Structures are given as C-alpha cells and as structure tokens.
Amino acid sequence: MTATNPIQHSFELAAERCEDLTPLVYRRLFREHPETQAMFRSEGSELVRGSMLAMTIDSMLDFAGDRTGHFRMISCEVQSHDAYGTPRELFGTFFGVIAAAVREVLGDKWSPEIDGAWRKLLEEIDAFVAQSEV
C-alpha cells in the first residue's frame, strides 16, 4: 500500500489531529445506535473497544490497499459475531461510524477524493460481509 491511498491518507491525517479515535468512534456508535452499547461488557470494555477498533482499522487498510490477507479478519469476525447473535448489518454500521469519525476529525481536510474512496470502501466491505460464509 502506498501513501497515496486515500483511506490510509485519511487515517494519517486523523492521527495528526487526534491521538485516539476510540472515544469518538464509540460515542458516535452508541449515540446513533444505542442498542449496541449493551453488546459490550462493562468491565474492561475500554481495552476491548480499543483493541477491536485497532483490528478493524488494520483490516480496513488492508482491504483498501494490497489485500495481503489481514482483511480476511473481517470475515472471521463476522462469523464469530454470528455466534453472539450480532446482526451482520452492524458491521456496515460500525465501518460507517469509523468513516464518520474520521471525517469529523479531518474537517476541511476531507477531500472529494477521500470521500469517494471511503464510499467505495464501505460498499465493498458491505458486499464482502454479505458474502461471508454463514
């Protein structure tokens, strides 16, 4: 993956402006989808949330880039969360919330190129989640 990848570039810009996306992402998720808050255990959840977000971002970057294999974690997580009864639609929701948080952090640095790349990525991930084996 090169630095010209708009998804990677958006995360790099966000990192310059925000030390940790975790609180922003989960505040937005719980505000827009309050039903998701009950899906997280209360004790130790901050570490779980941070780890889950880091793994998700790594998977997204690989999916948007060279697809060296880390993106397959998305499919693994879809299948493991099936066992918890997590609706598959929530994966698209979560990825969209991450995009919205990055957009919020970037402000005027969110360009049409970045927007287009994110829209394409979210559509492709939605399709990938839908085709993940049950």
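Residues numbered from 1 in each chain as written. Predicted model: local features only at pLDDT ≥ 70, side-chain atom pairs only at ≥ 80, totals over all residues. Heavy atoms only, no water.

Quick word on helix 5 (residues 89-106)
And then number 1: The end-to-end C-alpha distance of helix 5 is 26 Å, a good match for the 26 Å that 18 residues give at a rise of 1.5 Å each.
And then number 2: Among all positions of helix 5, only Leu90, Phe91, Thr93, Phe94, Phe95, Val97, Ile98, Ala99, Ala101, Val102, Val105 and Leu106 are buried.
And then number 3: Here the buried face of helix 5 lies against helix 1 (6-17), helix 2 (22-32), helix 3 (45-64), helix 4 (73-84) and helix 6 (112-131).
And then number 4: Just downstream of helix 5 lies Gly107, where phi reads positive at about 55°. (Helix = DSSP H or I, 4+ residues; strand = E, 2+ residues; numbered from the N terminus. Expected span 1.5 Å × (residues − 1). Buried < 20%, exposed > 50% of the residue type's maximum accessible area, 1.4 Å probe, protein only. Contact = heavy atoms within 4.5 Å.)

A closer look at the pattern of salt bridges
And then number 1: With the rule as written, the count across this model stands at 7 salt bridges.
And then number 2: Residue Asp115 pairs with Arg103 through a salt bridge whose shortest N-O separation is 3.3 Å. Taken together, the positions of Asp115 in helix 6 and Arg103 in helix 5 put the pair 12 residues apart, joining distant regions of the chain.
And then number 3: On the basis of relative accessibility, which here comes to 16%, the residue Asp115 falls in the buried class.
And then number 4: Relative accessible area serves as the criterion here: at 41%, Arg103 is assigned to the partly exposed category.
And then number 5: In this structure, the salt-bridge partner of Lys120 is Glu124, at a minimum N-O distance of 3.5 Å. Residue Lys120 and its partner Glu124 are located together in helix 6, separated by 4 residues, close to a single helical turn.
And then number 6: Exposure remark for Lys120: the relative accessible area of 52% places this residue in the exposed category.
And then number 7: Among the ionic contacts, a cluster of salt bridges with common partners joins Arg28, Glu32 and Glu104. (Salt bridge = Lys/Arg side-chain N within 4 Å of Asp/Glu carboxyl O.)

Points about the confidence of the model for the protein chain
And then number 1: Averaged over the protein chain, the pLDDT score is 88; the fraction of residues at 70 or greater is 93%.
And then number 2: The lowest-confidence element of the protein chain is helix 4, averaging 82 in pLDDT; the highest-confidence one is helix 1, averaging 96. (pLDDT = per-residue confidence, 0-100.)

Here's the deal with the nonpolar core
And then number 1: Counting 37 residues, the largest nonpolar core has Phe11, Leu21, Val25, Ile98, Val102 and Trp118 as its most contacted members.
And then number 2: Looking at this core, the elements with two or more residues in it are helix 1, helix 2, helix 3, helix 4, helix 5 and helix 6.
And then number 3: The biggest single contributor to this core is helix 5, with 10 residues.
And then number 4: With near-sequence residues (within four places) excluded, Val25 lies in contact with Leu53, Phe94, Val97, Ile98 and Ala101. (Core = buried A, V, L, I, M, F, W, Y, C linked by side-chain atoms within 4.5 Å.)

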